[in-house]
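Results of the structural survey
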Amino acid sequence: MSTIAQRPTSGSPTPGDVATTKKEPKRNNRFADMSFKGLAVGAGVLILVVLGFVTVFLLAEAWPAFVAGDQVGVNEPQTIWQYVAPFAFGTVWVAAIALLLATPVAIGIALFISHYAPKKIAAPLGYLVDLLAAVPSVVFGLWGIQVLAPFLQPVYVWLTTYLGWIPLFTGPASGTGRTVLTVALVLAVMILPIMTAVCREVFLQTPKLQEEAALALGTTRWEMIHMAVLPGATSGIISAMMLGLGRALGETMAVAMVLSPAALISFALVTTQNPNTIAANIALNFPEAFGLRINTLIATGLVLFAITLVVNMGARWVISRRAAFSGANA
């Protein structure tokens, strides 16, 4: 019986077609990799270019204030450093208090959502906390001045009466409740969502085998968290704190609306006169500024820019030291 050679049908691929088909994904993957690399490098360069333009603008506009000597003062002759010192202190002081108040709450909420709450409760609670990030700062300012400040005013009177011997609670107490502590509480609520979200995601990255091994040894849930979750999440917690601190350092409207400001350096939290922040001072005075006054306000903005840069660099240094233990980028 003769064997009839069957030709490949139109639907059957030839060896050449198979080779071509095998090479196509490689070319596509290489093109995708190169495209993604180009976009990533371009985005990084764009950020550096924008940052450079901002730096050049701030330096150019602030230079007249730095060389003006003691002519930048409004009520009395002052150099730029004497003028900006109280505002720089107020910025760091208010942001530090807000960070101190928000950090344990954010860690507690993140741990509850990731390791304690049932799934039916954890997901809605996480969405509810994230929704706080969508609230405009003006709304927080209105809440602080209309609700929180009057509510806390009797508390401030009690603190100055019975704990006035502590420098932080020296009197006289504010009659309106618009104090540094009130602003710090408002800022703590504002930075809570981003800190909670970062901490929650970091806690969820803990390997399940480590958690199960710790529980198998007979530890309680808190001991398991202390042994397996928190050590590896240190860098993530620090990152969350720095993100929250950056938001608190640059907040403008809420501080301008709630705080009763003065140009002074004071650690008192509940008095009638409170140190102002750089961002709030710029917002309050820029509309009426002209001439050298504008350069002075821009110079204070340059100081705020430098403070934020130093804080971020310090945070990156701390995180890099823990990178070997947490998996973070060195």
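Residues numbered from 1 in each chain as written. Predicted model: local features only at pLDDT ≥ 70, side-chain atom pairs only at ≥ 80, totals over all residues. Heavy atoms only, no water.

**Observations concerning the side chain of threonine 296**
In this fold, threonine 296 is placed in helix H11 (residues 292-321). Ignoring sequence-local partners within four residues, the contact set of threonine 296 consists of Ala65, Val72, Ile80 and Tyr83. (Helix = DSSP H or I, 4+ residues; strand = E, 2+ residues; numbered from the N terminus. Contact = heavy atoms within 4.5 Å.)

**So, the packing of aromatic side chains**
Enumeration according to the criterion identifies 6 aromatic pairs in this entry. Ring geometry for phenylalanine 66 versus tryptophan 81: centroids 5.4 Å apart, planes at 45°, classification tilted. Of this pair, phenylalanine 66 sits in helix H1 (residues 15-66) while tryptophan 81 sits in helix H2 (residues 80-116), placing them 15 residues apart in sequence. Residue class for phenylalanine 66 comes out partly exposed when judged on its relative accessible area of 27%. Look at tryptophan 81 and you get exposed, because its relative accessible area is 55%. Their ring planes at 65° and their centres at 5.2 Å tell us that tyrosine 83 and phenylalanine 87 sit as a pair that is edge-to-face. (Phe/Tyr/Trp six-rings, centres within 6.5 Å; stacked < 30°, edge-to-face > 60°. Buried < 20%, exposed > 50% of the residue type's maximum accessible area, 1.4 Å probe, protein only.)

**With respect to the confidence of the model for the protein**
Residues of the protein with pLDDT of at least 70 account for 88%, and the chain-wide mean is 85. Note that pLDDT drops below 50 for residues 1-5; the model gives that stretch 0 contacts with residues more than four away or on any other chain. Taken as a whole, residues 325-330 scores under 50 in pLDDT and shows 9 contacts with residues more than four places along the chain or in a different chain. (pLDDT = per-residue confidence, 0-100.)

**Some remarks on the nonpolar core**
With 73 residues, the main nonpolar core has Leu187, Phe203, Leu269 and Ile278 as its most contacted residues. Among the elements that make up this core, the one with the highest residue count is H2 (17 residues). Ignoring anything within four residues of it in the chain, the contact list for leucine 187 reads Val94, Ala98, Ala248, Glu251 and Val255. (Core = buried A, V, L, I, M, F, W, Y, C linked by side-chain atoms within 4.5 Å.)

**Re unusual backbone geometry**
Backbone torsion omega between glycine 171 and proline 172 reads 0°, so that peptide bond is classified as cis. Checked against the element boundaries, proline 172 lands in the loop between helix H4 (137-162) and helix H5 (180-204).

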